[in-house]
Amino acid sequence: MRVVRRAVGPLALAVLVGAAVVAASSAPARAAAGAATPFTSFEAEAGVVAGGAATRALTAAPTTQYSSPELEASGHAFVRLAATGQKVQWTNTTGRPISAIVVRASIPDSPGGGGITASLNLYVDGAYRQALSLTSKQSWVYEGNNHYNDSSDQNPADGNPRVFFDEARTFVTGTPIAPGATFALQRDAANSAAFYDIDVVDVENPAPIAQPANSISIVSCGAAADNPDVDSTGPIQNCINQAQAQNQTLWIPAGTFYLKGTSGLHATGITIAGAGSWYSTVYRAVPLPNPQPLGAVFDLTSCTVKDFHIDSNATSRATVDGAGGAMDTTGTNWVADDIWTQHTLSGFWASGTGGQVRNSRLTTIWADGINLNNVSLNSSVGNNLSATNNFVRGTGDDGMAINSVNYNTDSNGNRTYYTAMSNISFTRNTIVAPWGGKGIGIYGGSGHDVEYNAVSDTARYIGLGAGRFGVNGSDLLGATVANNVVSRSGGNGYSQGQPALHVGNGGDGQNVGVVDRVSVSNNTVVGSLYDGVGFSQSTNTVLQNNTVTNPGRNGIVVAPPFYPAPSGSAGITGNSVTGLKSGASAYVNNSGGFTATLSGNSWQGGSGPVEAPFGGAPAAVPGTVQAENYDTGGQGLAYNVTSVNGNANGYRADGVDLESTSDTGGGYNLGWTSGGQWFRYTVNVATAGQYTLTARVAAPSAVTGALHLANASGANLTGAVNIPATGGWQTWGTATATLTLPAGQQVLTLAQDNGGWNLNSLQFTQGGGTPTPVNLAAGRPTSESSHNQAYGSGNVTDGNQATYWESANNAFPQWVQVDLGAAKSATKVVLQLPATWGARNQTLTLSASSDGSSFTTVVATNSYTFGPSATLTFPATTQRYWRVTVTANTGWPAAQISEFQIWNL
């Protein structure tokens, strides 16, 4: 009796989450990567959950481009308290008393937006200790109704929320929580929020710092502590001026000092010090809505700042909602030490020479945490800057960035050029849960050193990327990326399925510029949501001795979706990929022009299984490939099966789905077919050209769309192959298809799209047969000149006519491009718009390229009526990259295409 298989369930990311939560230790040694902090983090999902509270964790890679609380949580998991008596509890294993606590949590928005405030109770050793105040007034923005990625819409009716978590800090009242004591967050009847999503708590025992000698206190100039009705901007600025004139340190004593307008503070060449980041706070309280441009809280030139906290009332990333930077810095040998920043637009926006950001904390920042650049405060240089031992969590853009700008253009079109950055170092920093950007972005310049950093839990984007930022960024001409740990990173921003670690241009959506001589070594990439490591256009990259564990998709990929690599080069040596999921590959090169030199990697025998032709030699084409002679290397490399039912262990030790056959010639056939399974065969094609495929098959009933053959890039070579009813599992007949193959050794994948048939052999005969029409563009990577809102180019190959690409408005010409993965012959292009749209004319040109940079015209410029489709026919043309350039549209002031189909017939 034939066994019927059940489909495999979704990706089990929760296992990774549980294995990688932050654990507290009584005597923590320095971690392999990341910052040494004065606090210890306790993840909620690692605590004791009681009273019916529920742990929620990410269990599968995202299938949409939008956010969720699980995606934005550290560890991609949290605990929900939704009823009276529910709690999460931990034991103080720090070996120190706990007198201060930070709670990263989410409570609901108000029905109309704008947030609420609610209490949550803290218990120590089972006894009530105090009520903590939590708020959602600085979280919850919405992306529906064409607000994707703008981080400022606060209307719940628009849907698709993001920015779920905020952080509340407070001192523990009464006796500090002793070592060994338990502490818990519990929802009681007095706690009015509908739910409390607890992500993580940070605990510590801070002590105040005394006023230094030769300093002037801002209180002496009239600044008022802890009085929100008093604007201390003028008094603090007066004290700054005195400190500069008298060569004194500016002292910020314990207390919160309010800046109530839109003005910032300006200082040059002095030290500004506080009583500690738990004790001294400068709080910007901007009257809202705010119509004025906002600078940073501090504009600093060649200053040392240390030991205080900066906070703000900003409710979104927009200026109207009070968003301005915390510290804009430039000059020489500046220092920022133990600065804790929250709720500002950016943490550090810093340029100059010889500056340092160290031992600082940046949490719940609307944009970048630490951005070292060459443009802050009208500087033109950014050299020998460093960021060391900083902790960054919950940023709305990059956690940390090296941002080398080549030029900026003013409103009149005039360009200002800047010196490319050099010798920037990011070492031993921790970046957790950026909800709107990368963990670390290296954008341009040379000589950079990024080592021993820990990046985790990106919600949407690349965890650690080395490339260039946009058309006006500097080329990246050398960087070292070593000994970093990138955990549970990557994401589905713009539906792109971004890798955890990336090298090449295009990491910001602009596939431009030079990325050269990036050395990536001894890094660990674990639990990536999609591919572990990705390459786009780049040259002379060294990828050496890295470890990729449990990737959500493939291990190491050249030209992953949406990251083209039409040319380039890399040495890929000594890397290990383990924990591949069914159907995934350790290494994939989707580019015909990118030269990768491989040696000593796990999939080559360095330390793991190797895919190789069965019997040691590829099968000859023309000729017959026996179904039982699939490649060696095992599950995930040579084949993918959902269970093992075969009984031919005498022929192959794995016995995967093989049985003795009654077909002519005897031997074994492949059976127990099931949708989603695949087998790989290494072949050597003597002559490029068209081939007829004749498959020996057996099937009790006819099977529509039973199988197809694909090449190493995943391109469908045959189209869907139907199998006729032969009358039984061992009653044999034939099914045929036509395909085109290049000459040389290559790997073909037999994909089982629908089960219910057996296969004995595949015979390849040169020429003949009736070709099958195939849309060569289906599912292939795309790129674009621009896109508007969420209407990215990936929509043109997704097979859904209702989704579409739309370029920037009023900016013709605009183009969209498809990468077929290899040069393929085409004779027709069909362009579609959504079926419900009215007719319109678009003026466009079709061009193609072999390398992605030099294009030739295939169909000259003409106006086409979309009602809703337009068809372009032309003599057979063999190219890899196909581009449509639009110069006019009668229906909208932008280019619009929903499907870009490229047909072989």
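Just so we're clear, the structure is a prediction, and the values are computed from it rather than from any experiment.

Conventions adopted
- Residues numbered from 1 in each chain as written.
- Predicted model: local features only at pLDDT ≥ 70, side-chain atom pairs only at ≥ 80, totals over all residues.
- Heavy atoms only, no water.
- Helix = DSSP H or I, 4+ residues; strand = E, 2+ residues; numbered from the N terminus.
- Polar contact = N/O pair within 3.5 Å; in protein donor to acceptor, adjacent residues only side chain to side chain.
- Contact = heavy atoms within 4.5 Å.
- Core = buried A, V, L, I, M, F, W, Y, C linked by side-chain atoms within 4.5 Å.
- Buried < 20%, exposed > 50% of the residue type's maximum accessible area, 1.4 Å probe, protein only.
- Pairing = 2+ DSSP bridges.
- Axes fitted to C-alpha atoms, helices over the stretch in contact; angles between N-to-C directions.
- Salt bridge = Lys/Arg side-chain N within 4 Å of Asp/Glu carboxyl O.
- 1 Å grid on protein atoms, 1.4 Å probe; cavity = no way out; pocket = protein on both sides within 12 Å on 5 of 7 lines; lining within 4 Å.
- Points joined across faces, edges and corners; volume = space filled by probe spheres on them.
- Nonpolar A, V, L, I, M, F, W, Y, C, P; charged D, E, K, R; others polar.
- Disulfide = S-S within 2.5 Å.

Caption draft 1: The arrangement of the side chain of Thr458 in detail. Take Thr458: it is sitting in the loop between strand 39 (454–456) and strand 40 (464–467). At 2.9 Å, the side chain of Thr458 and the backbone oxygen of Tyr461 are in polar contact. Within the structure, the side chain of Thr458 is placed 2.9 Å from the backbone nitrogen of Gly490, a separation counted as a polar contact. Ignoring any residue separated from it by four or fewer positions in sequence, one finds Thr458 in contact with Leu71, His76, Pro434, Gly437, Gly439, Gly463, Arg488, Ser489, Gly490 and Leu529.

Caption draft 2: Local environment of the nonpolar core. Core analysis: the biggest nonpolar cluster contains 77 residues, and Ile272, Phe298, Leu372 and Phe535 have the highest contact counts within it. Considering every element that reaches this core, the biggest residue donor is helix 3 (residues 233–246), with four residues. With sequence-adjacent residues up to four places away left out, Leu372 is seen in contact with Trp334, Ala350, Val357, Leu385, Ser386, Ala387, Ala401, Ile402, Asn403, Met421, Ile424 and Phe426. Of all hydrophobic cores here, the second largest spans 37 residues; its members include Val621, Val683, Ala699 and Ala737.

Caption draft 3: Focus on unusual backbone geometry. The step from Val621 to Pro622 runs through a cis peptide bond, and the omega angle for that step is 5 degrees. If you trace the backbone, Pro622 turns up in the loop between strand 54 (619–621) and strand 55 (623–626). Positive phi values are uncommon outside glycine, yet Ala559 reaches one of about 60 degrees. Within the secondary structure, Ala559 is located in the loop between strand 49 (556–558) and strand 50 (568–573). The exposure class of Ala559 is buried, given its relative accessible area of 2%. Phi angles above zero are rare outside glycine, and Asn810 is one such case at about 55 degrees.

Caption draft 4: Main features of the sheet that holds strand 5 (residues 87–91). One open sheet holds the five strands; their spatial order is 2-5-12-7-8, and the pairing between them is antiparallel. Single-partner strands in this sheet number two, and they are strand 2 (48–50) and strand 8 (127–135). When strand polarity is set aside, the average angle formed by the axes of neighbouring strands in this sheet is 25 degrees. Inspection of the sheet shows strand 7 (residues 117–124) paired to strand 12 (residues 182–186) by four bridges, in the antiparallel sense. Note on strand 12: the bridge partner recorded for Asn121 is Gln186.

Caption draft 5: Seen up close, the pattern of salt bridges. Counted by the stated rule, this structure contains 16 salt bridges. Of the charged contacts in the structure, one is a salt bridge between Glu167 and Arg104, with a shortest N-O distance of 3.6 Å. On the criterion of sequence distance, the pair formed by Glu167 in strand 11 (residues 166–171) and Arg104 in strand 6 (residues 100–106) is long-range, its members being 63 residues apart. With respect to class, Glu167 is no different from Arg104; both count as buried. Note that Arg317 is salt-bridged to Asp397, the shortest N-O span being 3.2 Å.

Caption draft 6: Fine view of the environment of Ala888. Structurally, Ala888 can be placed in strand 71 (residues 869–889). For Ala888, a relative accessible area of 29% corresponds to the partly exposed category. Distance in space between the C-alpha atoms of Ala888 and Leu844 is 7.4 Å, their sequence separation being 44 residues. Beyond its immediate sequence surroundings of up to four residues, Ala888 is in contact with Phe812, Asn841, Gln842 and Thr843.

Caption draft 7: Summary view of empty space enclosed by the protein. The tally for this structure, following the rule as stated, stands at five cavities of 30 Å³ or more. Around the largest cavity, the lining residues are Arg104, Gln138, Val163, Phe165, Asp166, His343, Thr364, Ile365, Trp366, Gly394 and Trp435. The volume enclosed by the second largest cavity comes to roughly 50 Å³. Lining the second largest cavity, in full, are Leu300, Cys303, Val305, Met327, Thr329, Trp334, Val335, Ala336 and Phe348. Contributions of two or more residues to the lining of the second largest cavity are made by strand 22 (327–330) and strand 23 (335–342). Of the residues belonging to the lining of the second largest cavity, the class tally is eight nonpolar, one polar and no charged.

Caption draft 8: Quick peek at the state of the cysteines. The tally for this structure, following the rule as stated, stands at one disulfide. Note that Cys221 is cross-linked by a disulfide to Cys239, the S-S spacing being 2.0 Å. A torsion of 85 degrees about the S-S bond marks the disulfide between Cys221 and Cys239 as right-handed. Of this pair, Cys221 sits in the loop between strand 14 (215–217) and helix 3 while Cys239 sits in helix 3, placing them 18 residues apart in sequence. Note on Cys303: no disulfide assigned, nearest cysteine sulfur contributed by Cys239 at a separation of 14 Å.

Caption draft 9: Structural detail: the sheet that holds strand 28 (residues 370–373). Taken in spatial order, the 12 strands make up an open sheet running 17-20-22-24-28-32-37-40-43-46-49-52, and their pairing is parallel. Looking at strand neighbours, the two that pair on one side only are strand 17 (265–268) and strand 52 (587–589), the edges of this open sheet. Each strand axis lies, on average, 10 degrees off the axis of its neighbour in the sheet, ignoring direction. Looking at chain direction, strand 17 and strand 20 (residues 298–301) are connected through four bridges and run parallel. Bridging from a neighbouring strand, Leu265 pairs with Phe298 of strand 20.

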